[in-house]
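Examining the three-dimensional arrangement
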Amino acid sequence: MASDLLSIAASGARAARGALDVTAQNIANASSDGYVRRSLRIEEVSASGGAGRIGDISLSGARIAEIRRNADSFLQGEVRRTSGDLQRANVELSGLRNIESAVEQSGVFSSAVEFEAALQQLASDPVDPSRRAAVIAEASTLADKFNIAASSFDAVGDGLRFEADAQVSDANVVGAELARVNLRLTRAGSGSSDRAALLDQRDQMLERLAGFSSLTTSFASDGTVAVSLGSNPPRSFVQGGTAGTLTSSVAADGTLSFDVDGQEMQPGSGSLAGASLALTELASTRGRLDTIAAGLADAVNNAQMAGVDLDGAQGQPIFAGTTAGTLRVVMTEGGGIATAPAGAGAGSRDDANLDALRQSLAGLDPAQKLSGLLFDVSSKVAGRDVTQGALETIASSARVSLEAQSGVDLDQEAANLIRFQQAFQASGRAMQTASEIFDTLLGIGR
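This text gives an overview of the structure that appears in the document. Here the structure is a predicted model, which is why all the values come from computation and not from measurement.

Of regular secondary structure, the protein possesses nine helices and 13 strands. Once the C-alpha set of the protein is aligned to its principal axes, its extents read approximately 145 × 40 × 25 Å. Entry remark: accessible area of the protein is about 21,600 Å², with carbon and sulfur atoms responsible for 51%. For the protein, the separation between the mean place of its 36 positive charges and that of its 53 negative charges on side chains is 10 Å.

Turning our attention to the layout of surface pockets. Here the largest pocket is characterised by a volume of approximately 500 Å³. Lining the largest pocket are 21 residues, with Asp33, Gly34, Tyr35, Arg399 and Glu403 positioned closest to its centre. At the level of secondary structure, the elements contributing two or more residues to the lining of the largest pocket comprise α2 (73-106), α5 (193-210) and α8 (366-406). The element best represented in the lining of the largest pocket is α5, accounting for five residues. The class makeup of the residues in the lining of the largest pocket is six nonpolar, seven polar and eight charged.

Here we take up the packing of aromatic side chains. Applying the stated criterion across every chain yields a total of one aromatic pair. Where phenylalanine 115 meets phenylalanine 319, the ring centres are 6.0 Å apart and the plane angle is 70 degrees; that geometry is what we call edge-to-face. Placement of the pair is phenylalanine 115 in helix α3 (residues 108-123) and phenylalanine 319 in strand β11 (residues 319-320), with a sequence separation of 204 residues. Across the pair, phenylalanine 319 and phenylalanine 115 agree in class, each one buried.

On to a nonpolar patch on the surface. On the surface, Ile27, Leu410, Leu417 and Ile418 cluster together to form a nonpolar patch covering roughly 310 Å² of accessible area. When residues in the nonpolar patch are grouped by element, the largest group, three residues, is from helix α9 (residues 410-445). Assessed through its relative accessible area of 31%, leucine 417 is described here as partly exposed.

Relative to each other, α2 and α8 sit at 155 degrees, their axes nearing to 8 Å. Between α2 and α8, the angle is such that the two are roughly antiparallel. The hand of the α2/α8 crossing is left-handed. Residues of the contact of α2 with α8, tallied by class, amount to 17 nonpolar, eight polar and 12 charged.

Moving on to the side chain of aspartate 309. Within the element layout of this structure, aspartate 309 appears in the loop between β10 (307-308) and β11. Buried and unpaired, aspartate 309 has no salt bridge, with arginine 132 as the nearest side chain of opposite charge at 7.1 Å. There is a polar contact of 2.9 Å between the side chain of aspartate 309 and the backbone nitrogen of aspartate 311. Filtering out sequence-adjacent residues up to four positions away, aspartate 309 remains in contact with Gln314, Gly315, Gly335, Gly336, Ile337 and Ala338.

Before going further, it helps to spend a moment on the sheet that holds strand β7 (residues 246-250). What the three strands build is an open sheet, ordered β7-β8-β9; its pairing is antiparallel. The strands lining the two open edges of the sheet, one partner per strand, are β7 and β9 (263-265). Shown here is a sheet whose adjacent strand axes are inclined to one another by a mean of 40 degrees, direction ignored. Summarising the sheet, strand β8 (residues 256-260) and β9 pair through three bridges and their orientation is antiparallel.

Right, let's talk about the environment of leucine 183 for a bit. Residue position: leucine 183 is located in helix α4 (residues 129-187). Owing to a relative accessible area of 39%, leucine 183 belongs among the partly exposed residues under this scheme.

Once that is clear, we can look at the sheet that holds strand β4 (residues 225-229). Spatially, β3-β4-β5-β6 is the arrangement adopted by the four strands of the open sheet, whose pairing is antiparallel. The two strands at the open ends of the sheet, each matched to only one other strand, are β3 (215-219) and β6 (242-243). Note: strand β5 (residues 235-239) against β6, two bridges, orientation antiparallel. By the bridge assignment, glutamine 239 is partnered in β6 with threonine 242. Strand contacts of α4: β4, β5 and β6, with the helix running at about 45 degrees to β5, the strand carrying the most contacts.

Attention shifts here to α2. With 34 residues, α2 ought to run about 50 Å at 1.5 Å a step, and its terminal C-alpha atoms sit 50 Å apart, in line with that. Where α2 begins, one side-chain oxygen reaches toward the backbone nitrogen of phenylalanine 74, 2.8 Å away; that side chain belongs to aspartate 72. Of the residues flanking the end of α2, it is glycine 107, one or two places downstream, whose phi is positive at about 75 degrees.

Phe115, Phe146, Leu246 and Phe319 are the most contacted members of the largest nonpolar core, which totals 77 residues. Here this core gets 19 residues from one element, more than from any other, and that element is α4. Beyond its immediate sequence surroundings of up to four residues, leucine 246 is in contact with Val168, Ala171, Asn172, Leu229, Phe237, Phe258, Asp259, Val260, Met265 and Leu272.

This brings us to the pattern of salt bridges. With the rule as written, the count across this model stands at 15 salt bridges. A salt bridge links arginine 399 to glutamate 207; the shortest N-O distance between them is 2.3 Å. You can see arginine 399 sitting in helix α8 and its partner glutamate 207 sitting in helix α5, a full 192 residues away along the chain. Notably, a salt bridge pairs aspartate 290 with arginine 286, separated by 3.7 Å at the nearest N-O pair. Placement of the pair is aspartate 290 and arginine 286 together in helix α6 (residues 270-305), with a separation of four residues, close to one helical turn. It is possible to trace a salt-bridge network through shared partners that takes in Glu78, Arg81, Asp85 and Arg88.

Conventions used here
- Residues numbered from 1 in each chain as written.
- Predicted model: local features only at pLDDT ≥ 70, side-chain atom pairs only at ≥ 80, totals over all residues.
- Heavy atoms only, no water.
- Helix = DSSP H or I, 4+ residues; strand = E, 2+ residues; numbered from the N terminus.
- Areas by Shrake-Rupley, 256 points an atom, 1.4 Å probe, with all protein chains shown as cover.
- Lys, Arg positive; Asp, Glu negative; His and termini not counted.
- Charge placed at Lys NZ, Arg CZ, Asp CG, Glu CD.
- 1 Å grid on protein atoms, 1.4 Å probe; cavity = no way out; pocket = protein on both sides within 12 Å on 5 of 7 lines; lining within 4 Å.
- Points joined across faces, edges and corners; volume = space filled by probe spheres on them.
- Nonpolar A, V, L, I, M, F, W, Y, C, P; charged D, E, K, R; others polar.
- Phe/Tyr/Trp six-rings, centres within 6.5 Å; stacked < 30°, edge-to-face > 60°.
- Buried < 20%, exposed > 50% of the residue type's maximum accessible area, 1.4 Å probe, protein only.
- Patch = residues over 30% accessible without salt bridge, like charges linked within 9 Å, V, L, I, M, F, W, Y side chains within 5 Å.
- Salt bridge = Lys/Arg side-chain N within 4 Å of Asp/Glu carboxyl O.
- Axes fitted to C-alpha atoms, helices over the stretch in contact; angles between N-to-C directions.
- Parallel < 35°, antiparallel > 145°, perpendicular 65-115°, else oblique.
- Left-handed = near helix turned anticlockwise from the far one by under 90°.
- Polar contact = N/O pair within 3.5 Å; in protein donor to acceptor, adjacent residues only side chain to side chain.
- Contact = heavy atoms within 4.5 Å.
- Pairing = 2+ DSSP bridges.
- Expected span 1.5 Å × (residues − 1).
- Core = buried A, V, L, I, M, F, W, Y, C linked by side-chain atoms within 4.5 Å.

This is the structure in structure tokens:
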């Protein structure tokens, strides 16, 4: 009996010591990112009949059956999903704000207004050289403003593509590391602390990947995970110890597309989806700006060709270029403005052709189109801002729920320290009692 009591007490001490170690690990990692609280499952050691036992009564003690991670797969999936949606909204909103700033800060709208105003002032005295020079100056300023807006759009696009390229590289690094974790998980023993740490790493990497693109995951019984990226359809990215390669390519309009091992992938959510959406909006806005610039140049140049300049010669183009980035003024002298109709003599005060030019611009109304362009972008920024705020709240709630379940509560761990310490001391006392009983029996035998 004393021998059995000693082994039983020793097993209890070992179990209590393991519980103390796990509790200490929880406390030490209370502030560690991605750490999931551990707990133990202690079970009775099964005993079979044998010499000195009565019937099938189990007198074999306790052991640590499993080190559990307090992680809920549903809550983890929700954190990945909501954080991916939030990252998509963050990147898209940032891109839209930069597009809005590019239009606003270029001053192209106010310059278009000033150019039309200069033409109106010229109508009051079509032969005044200073007013003619003012029209050329305002035309040059307007072309410069279009160029500035186009250059700013280029900078916005370059920034979005640069960040997307960096994230593609990061996703490939995370995928390769996740494949290595899968291999290590296949070799880790069930219930080991190493396995728990590997599972923490796995979950952290899955959350990082979800920040780039939507994920589809499939977990095996050994803890390994198969990951597919994107949607409609998802593309296999990590299978066991093998990771695929995510790549990006740039279209002629500056938008991005993504492939996994040569198969087209739609990100669905995450920062890559946000960059793709922002670049699509940028391409659309850039196209509208180019259309306005080209329409302005055509309206002015066509009117010029229909009239005569101050010397009585046929009017020549004021603008060259077909896009906002290439628009420029090619007329250097104000005398070249064709204010008079065809057939008028040199120095004519007949402003019929100038009136036709102004009417052509009024029909095109570039200032109104530029105002509408800015309004549309600003409206999208306002709408996405509301969406981003809602997604931020949802993502925060999902994370709070997960942390409540998997985070370390120091008060609870302090209580566990006391409980397991008392269990360890009680097992120690039981071993001491067993030793005393054994000594007493030996003394009786003498």
